[in-house]
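Working through the structure, step by step
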Amino acid sequence: DGVISTFIDLLMTNEPDTVKHCCAALCQLAQDSASCKKIVELGAVPHIVAGVETGDDLTKYSCCSVLSALSFHVGCRQTLVSMGALTALISLAKMGDDPTSLRCSLAFANLSCEPTVQGTMIEQDVLPILTQLSDGYSISYSEENQQYIAKALCNLSCHVGFEKKMIEQDCVKSLMMIGMVRSVAPMTKQVCAKALQNLLSLDSQERLCEEGLVSTITSFSKLSDEPTMKTCAQIFNFLSTNEVGRSKLVEKKAALFACIGLLRSSSLATKIIVGKTVCNLLCHKDSQAATVEVGAVEKLEKIATLGDAESELNCAKSFFLICGSESNREVMTNVNAMKIIILLARSPNPETSAYAVKVIANLAQFEDTRLDLLDNNVIMALVALTENAGLSREQVTLIAYSFSNLSMVERFAGKLVQESVVAALLRIQNFLGDGSVAALIANTIRSMVGCQDTLEMMVEDGAIELLALLSKVVDSNWAESVFYDANFACFKFARYGDILRKELIARGALQIIGGGGGYQGSHEFAVASMFLLSLNTEYRVSVADGVSGSVLIKLAMEEPDTMMTQNASQALFMLSKSEKSRNLLVEAGLPAALVKLCRSDNEDIRGSASQALKNLSSEGGDGLEEGTVSALIAMSEGNSDNSVSNFDDGALVQPEQIAVDAGKFSLDEVHKPEVHMDEFAPLVVTVIKEMGGDAPSGKGPAAPPAPTMASQDVPHKPVVDEEVDQKNEDDENLSKVMLYAKMNVPQDLLNDDSILEEDEVGEGAGEPTQPVITEEKEIEKEIAVANNRMSQSGPGQRATVRSSKASPVSPPMPTRGDVLGPKEKQAKARRRRRSIQAKKKREAEEKKAEEGLSFDQQAANAGLF
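Description of the structure in this document. (Residues numbered from 1 in each chain as written. Predicted model: local features only at pLDDT ≥ 70, side-chain atom pairs only at ≥ 80, totals over all residues. Heavy atoms only, no water.)

Comments concerning the overall build of the chain
Quick reminder of the rule: Runs of E in the DSSP output that reach at least two residues are strands. Runs of H or I that reach at least four are helices, and both are numbered from the N terminus. Buried residues are those whose accessible area, probed at 1.4 Å on protein chains only, stays under 20% of the maximum for their type, while exposed residues exceed 50% and partly exposed ones sit between those limits. Where accessible areas are quoted, they stem from the Shrake-Rupley method and a 1.4 Å probe; at the residue level, only the protein chains shown are allowed to cover.
When helices and strands are tallied, the chain shows 51 helices and 0 strands. Relative to its full complement of 865 residues, the chain shows a buried share of 51%. For the chain, the exposed area adds up to about 39000 Å²; of that, 50% sits on carbon and sulfur atoms.

Shown next as structure tokens:
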């Protein structure tokens, strides 16, 4: 803390060199994260900003490095901006050298991560600087620089309300250039995609598309980077939700291919977004054809099997809204879409199942798709659906439509029976409880009886009971159709043989047959069925009794000389052979009918009628007057051959079958896709703006080198340290002795020890008692004493002071008797000399202010060196 505070104090001097070196020092300290916080807290930032404004280039480099380093710390960012760092960075960005510009880009990226300063950055015109930096205004197109700029723009695009300003200041162009041209790193492209998404809105989409948004995202979609793929999917989805966006996508087929291609992602979330986009495009008229053309229908299977319930529903809706077009149905057949549609019909999601059933019901109307459905086991799926008690009335009705239309494929009639369609139809009727689908069910049964091999199975499954039920609930609008189909089915059962004739009687078929007499189209099959039943003695009373007998007599007289009349006359003949049935028919008006038939031009009819009259007259002709019977016999004998005594199946005149009118069983308009196209609500993906992030810690240029120290031509001043080793002290002492060797020192001074004693007393007491003498005198005195002491050390050992050119001679060691040896004396003299030098230094410093001379010059003048 003390070091940083000191540097801040020095910065406040505003002295250029001092500021420069202090900024360089702070630059080095800022490389340590612990110091950064202190630099900001202690108020260094304003002084660094001031250094940018007033300093030279070296100072600016250091200041930029400090600001860049401080921007890495989240807690410092808001303070940096509030203290004017943005202005400084903008100024630094214009310097034109690569390291400084890169540091500015890094700082902008880091600062823009702070939401509270994003608006300030935009307002202080950081955007133009970023776009200039990205354009190579002052720095090469380095990947690192482009990524920092992209991150800064992405972060700033998160600030709500400034999107328009960013677009107007060419940020979109810069992002596209960075992502498409200048960068190669997937991370940089990812950040660009996020920034474009942040700027995209209903108001801006047209401008962004004009600047190349669709092409850019198409390019980004080819990357394997998962976050980028997801961002692209979200942008495609946004465009698919409105007419303008869809038109831009449809203009470029490459964009549609790219969008569908994102299904390769390993991210479920991304695939779900793509699925919504594809469904949006398929479910709108303006984009449906183009989307089908690029293969979207085939991809619906993949989308529907993602395991996402919403995706399943979306696919079911899409299939429904495209199946109304013949060309689309052809595509669906080619890609075997029926398989997934049938799978969706069995979805546990009721809404998904309902839409899938709608699709099946629509496809079943057309010959080109019926076979495809049947080949994919649609019958099994529909039958299984009827077992679901949770079906809606609409679903049940659509299943009935589907069965009716699918049953029109003759070769599948037996398969329908084998897969329990009769039981399913019975469940449908019981569920609805009215005659709303009676015609559909009757038509389905009529179609299924076309397979002889499964007639017994149909009867076992309850087909006759179902027809009888329909005959009771059918409304007048569909009665004609229902009774025709029901009587046709009964005829088929009766034609099969004795086994099913018995079942017809037992299961209530005569009610259907009798009811058919009331409808023109059903007459022939009703009469034919009664003839076949009359061939068996045990069923004759049942046929003659009730409504069926009356209907038979009525129909016999209605249209003479027709195939139906012939079958009726033959039936009456067979019934007349049984006494009980004969009596029942007489009560219903049989004699009058026979009289009329005897007048027919058809020989077979007359023959049958005459034989029936004979049967009536047998056993006394009960119920008839004798004259009437005789007259009838006489009349008949003159006009017919009476040799016929019995009939079999071969006598039946085959009724003419009317072809099924498929148009009668087409879906109501409310179930067709065309009327629902405008009801589709676009599938919107909720998107939250994403930050681009800050620069990785430790990145960016290294700190600039510290500035060199300026040197001055001043005399060299030796520095004496008390802690130098003893050898150096000895050498110094000897040199100083040599310095004064030539001085002419008086002999009385050399031998006067009182001076030294006074020195010792003065130093010990702290206050000298003698007047202060000059330095030269002191030194001379000390040297003389030292020489005197050494001369007394013994013969041959006396040292003399030589000239400065003579070689130095080490002084001898002092004797034990000396209180202070020569070396001790020299050290004491040295300390004394230093004390004097220090005093003179202080005096020189005091004079400096008055005389204006430098300290070094005053010291030189004072003779200190």
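Concerning helix α3 (residues 33-41)
Applied cut-off: Taking the helix axis as origin, the arc is that swept by the directions to the C-beta atoms. The contact rule is simple, with two residues in contact once any of their heavy atoms fall within 4.5 Å.
Taken together, the buried positions of α3 are Ser 35, Cys 36, Ile 39 and Val 40. Along α3, the residues classed as buried sweep out an arc of 135° about the axis, all on the same side. In α3, those exposed residues whose orientation departs by more than 90 degrees from the buried face are Ala 34 and Lys 37. In the core, the buried residues of α3 are packed alongside α1 (2-11), α2 (16-29), α4 (45-54), α5 (57-70) and α6 (74-82).

Quick notes on the packing of helix α26 (residues 350-363) against helix α29 (residues 393-406)
What counts here: Axis lines are fitted through C-alpha atoms, for helices just across the contact stretch, and the angle between N-to-C directions can take any value from 0 to 180 degrees. Working rule for angles: under 35 degrees goes down as roughly parallel, over 145 as roughly antiparallel, 65 to 115 as roughly perpendicular, anything else as oblique. In a left-handed crossing the near helix is turned counterclockwise from the far helix by less than a right angle, and in a right-handed crossing that turn is clockwise. Lys, Arg, Asp and Glu make up the charged group, whereas Ala, Val, Leu, Ile, Met, Phe, Trp, Tyr, Cys and Pro make up the nonpolar group; the residues left over, Gly among them, are polar.
Remark: α26 packs on α29, axes separated minimally by 9 Å, with the N-to-C direction vectors making an angle of 30°. It follows that α26 is roughly parallel to α29 by the angle criterion. α29 is crossed by α26, and the crossing has left-handed handedness. For the pair α26 and α29, contact is made by Pro 350, Ser 353, Ala 354, Val 357, Lys 358, Ile 360 and Ala 361 and by Glu 394, Gln 395, Leu 398, Ile 399 and Ser 402, respectively. Residues belonging to the contact of α26 with α29 are distributed by class as follows: 7 nonpolar, 3 polar and 2 charged.

Examining the environment of Glu 387
Turning to its location among the elements, Glu 387 is positioned in the loop between α28 (378-386) and α29. Classification of Glu 387 by relative accessible area gives exposed; the value is 55%. Between the C-alpha atoms of Glu 387 and Ala 423, which are 36 residues apart in sequence, the distance is 9.9 Å.

What about the side chain of Lys 151?
Counted only if it meets this: Neither His nor the chain ends contribute to the count of charged residues, in which Lys and Arg are positive and Asp and Glu negative. Salt bridges are defined as contacts in which a side-chain nitrogen from Lys or Arg sits within 4 Å of a carboxyl oxygen from Asp or Glu.
Inspection of the secondary structure puts Lys 151 in helix α11 (residues 143-156). The side chain of Lys 151 sits in the buried core without any salt bridge; Asp 694 is the nearest counter-charge, 5.7 Å away. If we skip the residues at most four places from it in the chain, Lys 151 touches Ala 109, Ser 112, Val 191, Gly 692, Gly 693, Asp 694, Ala 695 and Pro 696.

Regarding helix α9 (residues 115-123)
If you check which residues of α9 are buried, you get Val 117, Gln 118, Gly 119, Met 121 and Ile 122. Structurally, α9 contributes buried residues whose contacts are with α6, α7 (85-93), α8 (98-111), α10 (126-134), α11 and α12 (163-168).

What about the environment of Tyr 148?
Along the chain, the position of Tyr 148 falls in helix α11. Under the relative-accessibility criterion, Tyr 148 is labelled buried at 2%. Spatially, the C-alpha atom of Tyr 148 lies 9.4 Å from that of Ser 134, the residues being 14 residues apart in sequence. The contacts of Tyr 148, once residues within four sequence positions are left out, are Leu 102, Ser 105, Leu 106, Ala 109, Ala 695, Pro 696, Lys 699 and Gly 700.

Looking at the nonpolar core
How we decide: What we call a nonpolar core is a set of buried Ala, Val, Leu, Ile, Met, Phe, Trp, Tyr and Cys residues that are connected through their side-chain atoms within 4.5 Å.
Counting residues in each nonpolar core, the largest one holds 236 residues, and the members touching the most others are Phe 108, Phe 319, Met 332 and Phe 493. In terms of residue count, helix α35 (residues 476-496) provides more of this core than any other element does, 11 residues in total. Sequence-distant contacts of Phe 108, that is, excluding residues within four places in its chain, are made with Leu 86, Leu 89, Ile 90, Met 121, Val 126, Ile 129, Leu 130, Leu 133 and Ala 152.

Thoughts on the pattern of salt bridges
For the coordinates displayed, the defined rule picks out 22 salt bridges. A salt bridge links Glu 211 to Arg 207, with the shortest nitrogen-to-oxygen separation between them at 2.7 Å. Look at Glu 211 and you get partly exposed, because its relative accessible area is 27%. In this structure Arg 207 comes out as partly exposed when scored by relative accessible area, which is 33%. Here Arg 501 ties to Asp 498 by a salt bridge, and the two come within 3.2 Å at their closest N and O atoms. You can see Arg 501 and its partner Asp 498 sitting in helix α36 (residues 498-506), 3 residues apart, about one turn around the helix. Take Arg 501: its relative accessible area is 3%, and that puts it in the buried class.

Comments concerning the packing of aromatic side chains
Using the following cut-off: Only centres within 6.5 Å qualify two rings of Phe, Tyr or Trp (six-membered ring in Trp) as a pair; their planes then separate them into stacked at under 30 degrees, edge-to-face at over 60, and tilted for everything else. Any Lys NZ or Arg CZ that is within 6 Å of a ring centre and within 35 degrees of that ring's normal is treated as a charge sitting over the ring.
For the structure shown, the criterion picks out 6 aromatic pairs. Here the aromatic rings of Tyr 484 and Phe 525 are separated by 5.5 Å at their centres, their planes lie at 90°, and the arrangement is edge-to-face. A residue pair is termed long-range when its members are at least 10 positions apart, and Tyr 484 in helix α35 and Phe 525 in helix α38 (residues 523-534) qualify at 41 residues. By the ring-pair criterion, three or more aromatic residues cluster together here, those being Tyr 484, Phe 488, Phe 491 and Phe 525. Sitting above the plane of the Phe 366 ring, Arg 329 keeps its charged end 3.6 Å from the centroid. Over the face of the ring belonging to Tyr 355 we find Lys 358, whose NZ or CZ atom lies 4.8 Å from the ring centre.

Quick look at the environment of Ala 703
Within the secondary structure, Ala 703 is located in the loop between α45 (626-637) and α46 (726-739). When its relative accessible area of 24% is taken as the criterion, Ala 703 is described as partly exposed. Considered as a pair, Ala 703 and Ser 68 are 635 residues apart in the sequence and their alpha carbons are 9.9 Å apart.

Some points on the side chain of Ser 112
To keep it simple, the criterion reads: Whenever a nitrogen or oxygen atom comes within 3.5 Å of another N or O atom, the pair is scored as a polar contact, on the condition that within protein one atom can donate a hydrogen and the other can accept it, and that pairs from neighbouring residues in sequence are kept only if both atoms are in side chains.
Tracing the backbone through its elements, the reader meets Ser 112 in the loop between α8 and α9. From its side chain, Ser 112 meets the backbone oxygen of Ala 109 in a polar contact 2.9 Å long.

Some words on unusual backbone geometry
One non-glycine residue, Asn 336, lies in the positive phi region at around 55°. Examined against the element boundaries, Asn 336 turns out to sit in the loop between α24 (326-334) and α25 (338-345). Of note in this structure, Ser 420 is not a glycine but carries a positive phi near 65°. Assignment of secondary structure puts Ser 420 in the loop between α30 (413-418) and α31 (421-432). With a relative accessible area of 32%, Ser 420 lands in the partly exposed category.

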